[in-house]
Amino acid sequence: MRKKWTKTFAGTLSLVFTLALMLSACSGNSTQQSETPADSSGEKPAAQEDLFTEVGTYPIVKKPMTIKMFAPQLSTIENMETNTYTKFLEEKTNIKIDWDLVPDNALNDRKQLMLASGDYPEVILHGALTKEEQMKYGKQGVFIPLNELIDKYAPNIKKAMADIPYMKASITAPDGNIYALPQVNECYHCDNALKMWINKAWLDKLGLQVPTTTEEFHNVLKAFKEKDPNGNGKADEIPLTGSDEMWTGNVSAFLMNSFIVDDYTEKNTGTFLRVLDGKVDFVANKEEWKQGLLYLNQLYKEGLIDPASFTQNADAIQQLANREKDNVMGALSTALISYAYSMDSKAPRHKDYVVVPPLKGPNGVQQTLFFAGINSSQFAITNKATPEQQIAAIRFADYLYTEESIVLQENGPEGGGWRKATDGELGMDGKPAKYTNIVKTDKKPTHNDGWEQIGPSLRTYAYRDSWTAPQDPLADNGYGTRLNNVSKEYEPYHSKEQYPNGLFIALEDAELSAQIKTTLVDYVKSNMAQFITGSKDINKEWDAYVKGLDGLQLAQYLEIYQKALASK
């Protein structure tokens, strides 16, 4: 009996072992098939070398491939499916785009709903993906890491990361992964946006020079107020104005940077942080900040700062600047003088203004902010994409980083919105240009010959300089040259203490840091306005203001931003 049981057990064990081997083999085949799925005939797809052309050559895939992509439908573009640039890309790459489009003004809401529900496509082409979204959906596995794909298949993206100092740090999450690709859009006037424009015609009439120090600036504003520079016999001049609603329109930021770093340049911006010897430091409780407030308060008390600067919008600035018949505006804090004036000879008043260089403060501080950095990205590949689609998609994005792509994407086919520059045509940098815009006299509100600026792309300083531009900055269409020229006056003064732009806050800290930042910024801005306007006495109430910061989790705020800096 025992022998029979032993024999039966041995036979059963042998059978189980055999079945296990068979299942193991099946399991191995199953895994392989999930990586390289069979087609409808049951046959495995061809090897990668049979599917793709050599990296850097086109088309990308040898046989047509369809990839679904999420993007906005801009109101100015007629039809993304029939769009000339879409058709060009599909022919160039052999990748057919299955569009998942959403109205531009609903993009953020639809994106969040789509990602939360799991109903998303293989590729997000243009998603305005915040750093928090990149980390959250990267951690969940919704966005796949792009590092290895970039390394193997995207030479243009690799080169951009090597050439642009801030790019790699700005798109690499704290876990070391790149989950999304940005639009890199370099421009001198954007990166040097913290400008002060001053009425040079008034300076000339009063025999004054463009101020170079805070004391000289005070004296100039005082002269604007008291010496009737517009010559109408009325005390109607407004020496200095601005608006938090405009790009870098905050009147205090330009001036405060002559005392200490102030990165609150417009509404809903700024951290009030700096970096000293690698350590993150809060600025709005320092003695230098108090000195800056005292200076601004002096200007306000003497009627040199427009009281409306703290409440008015950009439309109010335009109305003020174009007041009939005499000009009343002395100085304006903003990135663009075009907020105030139309930039043509029909309204030549704009030609009276030049920029004030960063002013030297009483302690020798002379600095401006440098805004280069990447705060959000556009392109991500999701876990819905097959391995083959992942390779095709990253190569597709890599092409979007080429100059050929950018010219066609933004301007349509050659001969329509642009042409190659001819001998003698110069770019904004004064060197021979490569491209020239064709100005259309019958411009329509919509078009179908390009994507404008949808998707990841690479617009460098050099690319911008390669387009023909008037060498006369005051010519009717010379505004770009003018902005380039004046912005270069700011480059030597980039702050060495400014907290870097575009760093990731760790996912576990993101919500808390946003809450603390909102509370801190509101507290500082509210007190700042009261100190400047005199509703609070700076000398008497400064200590109470500083003490009030202690209950706003300032220490934790500094820790979070120190951690982000360390992971850079």
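Since the structure is predicted, the reported quantities are computational estimates derived from the model, not experimental observations.

1. A closer look at helix α11 (residues 214-226)
The periodicity of an α-helix, 3.6 residues per turn, causes residues three or four positions apart to be oriented the same way.
Inference 1: The terminal C-alpha atoms of α11 lie 18 Å apart, and with 13 residues this matches the ideal 18 Å at 1.5 Å per residue to within 8%.
Inference 2: Along α11, the positions that sit buried rather than exposed are T214, F217, H218, V220, L221, A223 and F224.
Inference 3: Check the buried side of α11 and you find it contacts β6 (196-199), α10 (200-206), β7 (238-241), α12 (251-256), α13 (287-301) and β10 (329-333).

2. Describing the sheet that holds strand β13 (residues 380-381)
Inference 1: With mixed pairing, four strands are arranged side by side in an open sheet as β2-β1-β3-β13. Unpaired on one side and paired on the other, β2 (95-103) and β13 mark the two borders of the sheet.
Inference 2: As paired elements, strand β1 (residues 65-73) and strand β3 (residues 123-124) share two bridges and run parallel to each other. Note on β3: the bridge partner recorded for M69 is V123.
Inference 3: Sheet strands touched by helix α15 (residues 387-400): β1, β2, β3 and β13. Its angle to β1, the strand with the most contacts, is close to 50°.

3. Notes on the sheet that holds strand β11 (residues 353-356)
Adjacent strands of a sheet pair through backbone hydrogen bonds, lying either parallel or antiparallel.
Inference 1: The mixed open sheet is built from four strands, whose spatial order is β7-β10-β6-β11. Only two strands of the sheet have a single neighbouring strand rather than two, namely β7 and β11. For this sheet, the mean inter-axis angle between neighbouring strands, taken without regard to orientation, is 20°.
Inference 2: Sheet analysis places β6 next to β10, joined by three bridges and oriented antiparallel. The residue bridging W197 from the neighbouring strand is L332, located in β10.

4. So, the packing of helix α19 (residues 507-533) against helix α20 (residues 538-548)
Inference 1: Relative to each other, α19 and α20 sit at 175°, their axes nearing to 12 Å. Considered as vectors, α19 and α20 are oriented roughly antiparallel to each other. Mapping the contact onto sequence places Y523, V524, N527 and F531 in α19 and I538, E541, W542, A544, Y545 and G548 in α20.
Inference 2: When grouped by side-chain class, the residues that make up the contact of α19 with α20 number seven nonpolar, two polar and one charged.

5. Quick word on the state of the cysteines
Inference 1: Going through the model one piece at a time under the given rule, you end up with one disulfide.
Inference 2: In this model C187 forms its disulfide with C190; the gap between the sulfur atoms is 1.8 Å.
Inference 3: A relative accessible area of 2% means that C187 is categorised as buried.

6. With respect to the side chain of Q134
Inference 1: Structurally, Q134 is set in helix α5 (residues 131-139).
Inference 2: Given the relative accessible area of 1%, Q134 is considered buried.
Inference 3: Polar contacts involving the side chain of Q134 include one to the main-chain carbonyl oxygen of L129, which spans 2.9 Å.
Inference 4: Residues within four places of Q134 in sequence aside, it is in contact with L129, F143, Y179, A180, S376, S377 and F504.

7. Overview of the packing of aromatic side chains
Inference 1: The final tally for this structure, using the stated rule, is 22 aromatic pairs.
Inference 2: Consider the rings of W202 and F224, whose centres lie 5.1 Å apart with planes at 85°: the pair is edge-to-face. In this pair, W202 sits in helix α10 while F224 sits in helix α11, placing the two residues 22 residues apart along the sequence.
Inference 3: What makes F224 buried here is its relative accessible area of 0%.
Inference 4: Grouped by ring-pair contacts, the aromatic residues Y58, Y85, F88, W99, Y399 and W451 constitute a single cluster.
Inference 5: Lying across the ring of F504, K131 places its NZ or CZ 4.2 Å from the centre.
Inference 6: The ring of Y120 carries K384 above its face, with NZ or CZ at 4.2 Å from the centroid.

Parameters and conventions
- Residues numbered from 1 in each chain as written.
- Predicted model: local features only at pLDDT ≥ 70, side-chain atom pairs only at ≥ 80, totals over all residues.
- Heavy atoms only, no water.
- Helix = DSSP H or I, 4+ residues; strand = E, 2+ residues; numbered from the N terminus.
- Expected span 1.5 Å × (residues − 1).
- Buried < 20%, exposed > 50% of the residue type's maximum accessible area, 1.4 Å probe, protein only.
- Contact = heavy atoms within 4.5 Å.
- Pairing = 2+ DSSP bridges.
- Axes fitted to C-alpha atoms, helices over the stretch in contact; angles between N-to-C directions.
- Parallel < 35°, antiparallel > 145°, perpendicular 65-115°, else oblique.
- Nonpolar A, V, L, I, M, F, W, Y, C, P; charged D, E, K, R; others polar.
- Disulfide = S-S within 2.5 Å.
- Polar contact = N/O pair within 3.5 Å; in protein donor to acceptor, adjacent residues only side chain to side chain.
- Phe/Tyr/Trp six-rings, centres within 6.5 Å; stacked < 30°, edge-to-face > 60°.
- Lys NZ or Arg CZ within 6 Å of the ring centre and 35° of its normal.

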